[in-house]
Each structure stands twice: as C-alpha cells, then as structure tokens.
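# Examination of the molecular architecture
What follows is each chain in one-letter form.
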Amino acid sequence: MATAPAPANLPLFYKDLVPLSSVEHADYRARPLDKADFLVSQHAIPLTSDEFVSACRYYPIVFSAGENPVPLALMGLNEGVNTFVDDDGKLLNPVYVPAYVRRYPFLLARLQEGSEELSLCFDPTSEALGKFDEGDPLFENGQPAASVQAVLEFCKNFEEAGQRTGFFMEELKKADLLMDGEVAIQQEGNDKPFVYRGFQMVDENKLRELRGDVLRKLTQNGILALIFAHLFSLQLMREIFAEQVKAGKMPALVELPTV
C-alpha cells in the first residue's frame with residue numbers, strides 16, 4: 001500500500017544528496033541526457049495538482065493510500081513496469097513529463113532540521129553532472145551560471161506547486177471525497193477481470209451529493225476542475241493495461257510502491 005515518505009528517507013529516484021557548492025563544484029558541468037534510466041523500474045510518479053490538466057491526457061492520476069495521500073501519475077500497473085520508456089529509459093512516444101522527473105537530479109532541501117532555509121542540492125550519482133569536458137558550466141567567476149539560476153527557479157516553483165497540492169489534498173479530505181480505489185479491466189479471452197487496487201480515488205457518488213455551498217467553494221477555488229481531470233484520467237488505465245499486455249508484461253494484482 002502506498003504511503004507518504006518518511007522525512008528521513010531520500011525521495012524517489014535520489015540515491016544521495018549533496019548541497020551544490022561554488023567551491024567544491026566550481027568545475028562541474030551539466031550535460032543533457034537522452035535517457036532516464038531511473039524511470040525504467042518506476043510505475044508511479046508523484047504529481048502536483050498544477051499538472052493535472054496536462055498529465056490527465058497521458059496518465060491515470062490516482063492518490064496513494066494511507067493517511068497522507070499524494071497524487072501519482074501511473075506509468076504502469078505493476079511495480080517495476082513502466083510502459084512509457086524502453087529498457088534504456090528513453091521515452092517511447094512524446095508525452096507530458098511530470099515536473100518531479102524534470103527536476104532530477106536537483107532538489108531544494110533543508111540542510112538543518114528546523115530551519116526554514118532551503119538549499120539547492122543534487123544527486124551526485126547522476127550522470128548529468130560532473131567534471132566533464134562537454135556540457136554547460138554550473139559556475140562562472142564563482143557565481144551560479146544562468147542555467148543554475150533557471151534550475152533554482154524551477155525548483156522554487158515546484159515547491160510552491162507542492163504547497164498548492166497540499167491544500168488541494170486537504171480540501172478533498174475535508175469534503176470526505178476520497179475512497180479506496182478499484183478498477184476492473186476485462187481482457188478478451190479471460191473469464192475473470194483484472195482488478196487493480198491499492199490506491200485512492202474520488203468517490204463520484206459523494207461528489208454528486210455535496211452540499212451546494214461546498215460545491216460552490218470547490219468550483220471557485222479551481223478544485224472541481226482538478227477532480228474532473230483525475231476522474232477522466234482513470235479511463236487511461238485500460239490503455240496502460242493494453243500496453244503491458246502487448247509488451248508481454250501481464251499486470252498482476254500488486255500494491256503501489258511507497259513514494
């Protein structure tokens with residue numbers, strides 16, 4: 001069953017984290033990569049509420065199980081299966097790539113417990129950063145290069161989107177709209193349908209029964225539109241299922257991973 005990560009754990013994808021330093025990393029460069037091998041074995045990627053409208057065209061959007069659910073974009077219906085990338089981590093088709101993926105290997109993190117200050121950090125195991133002959137320098141004359149400034153701005157925007165996502169989830173919980181999810185997919189030739197569980201989704205019956213003032217509030221703050229994006233996206237589970245079958249990776253009933 002998927003749950004929110006423990007604070008001491010490294011986030012999904014990250015194997016290590018070090019603060020970016022103009023001294024220690026003065027000669028580091030960033031180079032573009034044409035693949036994301038860290039995605040190959042990941043089937044559920046954290047998503048911000050800001051991304052629902054863009055993401056719902058390509059991925060089923062669900063919510064992790066547990067007391068503190070987070071939105072997830074499903075790239076597969078089984079742990080270890082990603083239907084959007086090949087075995088090398090290259091995208092099979094042009095799709096919207098979640099900001100969580102685009103942020104890697106950078107991350108804003110608190111270096112001291114209790115501190116409000118966030119520092120730009122990165123995963124030193126990533127092949128995107130290092131002492132390379134090619135690529136863009138991270139620092140120029142001891143100051144962060146324009147590319148680093150852009151990354152910092154992107155990470156700040158991501159953190160702000162995360163706060164809006166937290167508000168969105170709180171509103172769903174206040175309205176008691178979340179329920180344990182279950183999607184049944186009937187495959188031709190099989191007597192029993194494939195049943196996917198281990199996630200949460202919006203209860204459409206409760207949504208229809210909301211009081212007028214609550215519904216008005218959800219409409220005015222934009223949350224109702226996000227709910228519909230989530231609900232519409234669930235139809236894509238059948239496409240994910242079909243892609244796994246085509247790839248010879250028949251879905252099995254398993255729980256979502258911890259994120």
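Here's what I pulled together on the structure shown here. (Residues numbered from 1 in each chain as written. Predicted model: local features only at pLDDT ≥ 70, side-chain atom pairs only at ≥ 80, totals over all residues. Heavy atoms only, no water.)

## Here we look at helix α7 (residues 237-246)
Taken together, the buried positions of α7 are Met237, Ile240, Phe241 and Gln244. Projected onto a plane normal to the axis of α7, the buried residues spread over an arc of 100 degrees and lie on a single side. Opposite the buried face of α7, by more than 90 degrees, sit the exposed residues Glu239 and Lys246. At its buried positions, α7 is contacted by β4 (61-63), β5 (71-74), β13 (183-185), β14 (194-196) and α6 (223-233). Directly beyond the C-terminal end of α7, a positive phi value near 75 degrees is found at Gly248. (Buried < 20%, exposed > 50% of the residue type's maximum accessible area, 1.4 Å probe, protein only. Helix = DSSP H or I, 4+ residues; strand = E, 2+ residues; numbered from the N terminus. Arc of directions from axis to C-beta. Contact = heavy atoms within 4.5 Å.)

## Side note on the sheet that holds strand β6 (residues 106-109)
As summarised here, the arrangement of the 3 strands in space is β1-β7-β6, forming an open sheet in which the pairing is antiparallel. Every interior strand has two partners, whereas the edge strands, β1 (18-19) and β6, have only one. Judged from the 2 bridges that link them, β1 and strand β7 (residues 119-122) form a sheet pairing that is antiparallel. The residue bridging Pro19 from the neighbouring strand is Cys121, located in β7. Strands β6 and β7 of the sheet are contacted by helix α3 (residues 146-174), whose axis makes an angle of about 60 degrees with β6. (Pairing = 2+ DSSP bridges. Axes fitted to C-alpha atoms, helices over the stretch in contact; angles between N-to-C directions.)

## Considerations on the pattern of salt bridges
On inspection of all chains with the given rule, the structure shows 12 salt bridges. One salt bridge in this structure joins Glu170 and Lys173, with 3.9 Å as the shortest N-O distance. Pair noted here: Glu170 and Lys173 are both in helix α3, with a separation of 3 residues, about one helical turn. Look at Lys173 and you get partly exposed, because its relative accessible area is 34%. Note that Asp176 and Lys206 form a salt bridge whose closest N and O atoms lie 3.0 Å from each other. With a gap of 30 residues between them, Asp176 in the loop between α3 and β12 (178-180) and Lys206 in helix α4 (residues 204-208) connect regions that are remote in the sequence. (Salt bridge = Lys/Arg side-chain N within 4 Å of Asp/Glu carboxyl O.)

## With respect to the nonpolar core
Formed by 56 residues in total, the largest nonpolar core has its most connected members in Phe13, Leu77, Phe168, Leu172, Leu177, Ile227 and Met237. Ranked by the residues each element gives to this core, the list is headed by α6, at 6 residues. Non-local contacts of Ile227, meaning those with residues more than four positions away in its chain, are made with Phe168, Leu172, Leu177, Val202, Leu207 and Leu218. (Core = buried A, V, L, I, M, F, W, Y, C linked by side-chain atoms within 4.5 Å.)

## Things to note about the side chain of Gln244
Mapped onto the elements, Gln244 comes out in helix α7. There is a polar contact of 2.5 Å between the side chain of Gln244 and the backbone nitrogen of Leu77. (Polar contact = N/O pair within 3.5 Å; in protein donor to acceptor, adjacent residues only side chain to side chain.)

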